[in-house]
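# Descriptive analysis of the structure
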Amino acid sequence: MARMSADERRESVIRAATHEFARGGYHGTSTEAIAKRVGVSQPYLFRLFPNKQAIFDAAASRCLADTRRVFAEAAEGLHGEEALRAMADAYTRLIAEDPDKLQMQLQTYVAVAAAEAAGDREFGELVRAGWLELWDTVHLPLGADVKETTTFMAYGMLINTLGAMGFPPGHRVWEGLYPSAQDKGDPEE
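Residues numbered from 1 in each chain as written. Predicted model: local features only at pLDDT ≥ 70, side-chain atom pairs only at ≥ 80, totals over all residues. Heavy atoms only, no water.

### Describing empty space enclosed by the protein
Within this structure, the stated rule accounts for 1 cavity of 30 Å³ or more. The space that makes up the largest cavity amounts to roughly 160 Å³. Forming the boundary of the largest cavity are 17 residues, of which Phe71, Tyr91, Met153, Gly156 and Met157 lie nearest the centre. Examining the composition of the lining of the largest cavity, we find that 7 residues originate from one element, helix H8 (residues 146–164), more than from any other. (1 Å grid on protein atoms, 1.4 Å probe; cavity = no way out; pocket = protein on both sides within 12 Å on 5 of 7 lines; lining within 4 Å. Points joined across faces, edges and corners; volume = space filled by probe spheres on them. Helix = DSSP H or I, 4+ residues; strand = E, 2+ residues; numbered from the N terminus.)

### Some points on the pattern of salt bridges
Counting across every chain of the model gives 11 salt bridges. When the shortest N-O distance is used, the salt bridge between Arg85 and Glu81 registers 2.9 Å. Here the residue Arg85 and the residue Glu81 both occupy positions in helix H5 (residues 80–97), the gap between them amounting to 4 residues, near one helical turn. As a salt-bridge pair, Asp98 and Lys101 come within 3.5 Å of each other at their nearest N and O atoms. Each of the salt bridges in this network shares a partner with another, and the network as a whole consists of Asp66, Arg69, Glu73, Asp98 and Lys101. (Salt bridge = Lys/Arg side-chain N within 4 Å of Asp/Glu carboxyl O.)

### Things to note about the packing of H5 against helix H6 (residues 99–117)
As a packed pair, H5 and H6 sit with axes 4 Å apart at the nearest point and diverge in direction by 95°. Classified by the interaxial angle, the pair formed by H5 and H6 is roughly perpendicular. Within the contact between the two elements, H5 uses Tyr91, Leu94, Ile95, Ala96 and Glu97 and H6 uses Pro99, Lys101, Leu102 and Gln105. Of the residues assigned to the contact of H5 with H6, the class counts are 6 nonpolar, 1 polar and 2 charged. (Axes fitted to C-alpha atoms, helices over the stretch in contact; angles between N-to-C directions. Parallel < 35°, antiparallel > 145°, perpendicular 65-115°, else oblique. Contact = heavy atoms within 4.5 Å. Nonpolar A, V, L, I, M, F, W, Y, C, P; charged D, E, K, R; others polar.)

### Re the side chain of Arg9
Inspection of the secondary structure assignment puts Arg9 in helix H1 (residues 6–24). Notably, Arg9 is buried but unbridged: the nearest opposite-charge side chain belongs to Glu8, and the N-O separation is 7.8 Å. With residues near it in sequence (within four places) discarded, Arg9 still touches Met4, Val38, Val40, Tyr44 and Leu48. (Buried < 20%, exposed > 50% of the residue type's maximum accessible area, 1.4 Å probe, protein only. Lys, Arg positive; Asp, Glu negative; His and termini not counted.)

Here it is in structure tokens:
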């Protein structure tokens, strides 16, 4: 078996960290658990990243970047309602197929609030910058309409909340959302 390069190992750490932080949050996740999941020692982990905060930052940034990529790919060549539906469908699939993405997003928001309550604004600035890039990614395909973009992002946050609480597809709480967020079952059933 070929040895991994440092870049490949960093990628492994980011994937493992996303999984661990998604479940345990920043304070509830140890670097030991991340190192174990990757199959490296803690000292090696700290050769790749200077500290736990840097690992969390990388995982949070990757989560936002992956979501931006999903929106951009879904909306490519589309505008208005077509773009909206394509992005909504793609995001719904993303969080259904990879629940760690949703959980990591939520843990990131909690970590920002905790850091800022402790007087650390740097992490929040990083996350807000990533979120603004996410906003910009959906803004143009939605016709650069602020109301449409706001509504789309608000629905996304509601989907995050309902999904995190475990409301299953088809539950009545989904009825007022975009059709892509609703159960795709046969309406006759």
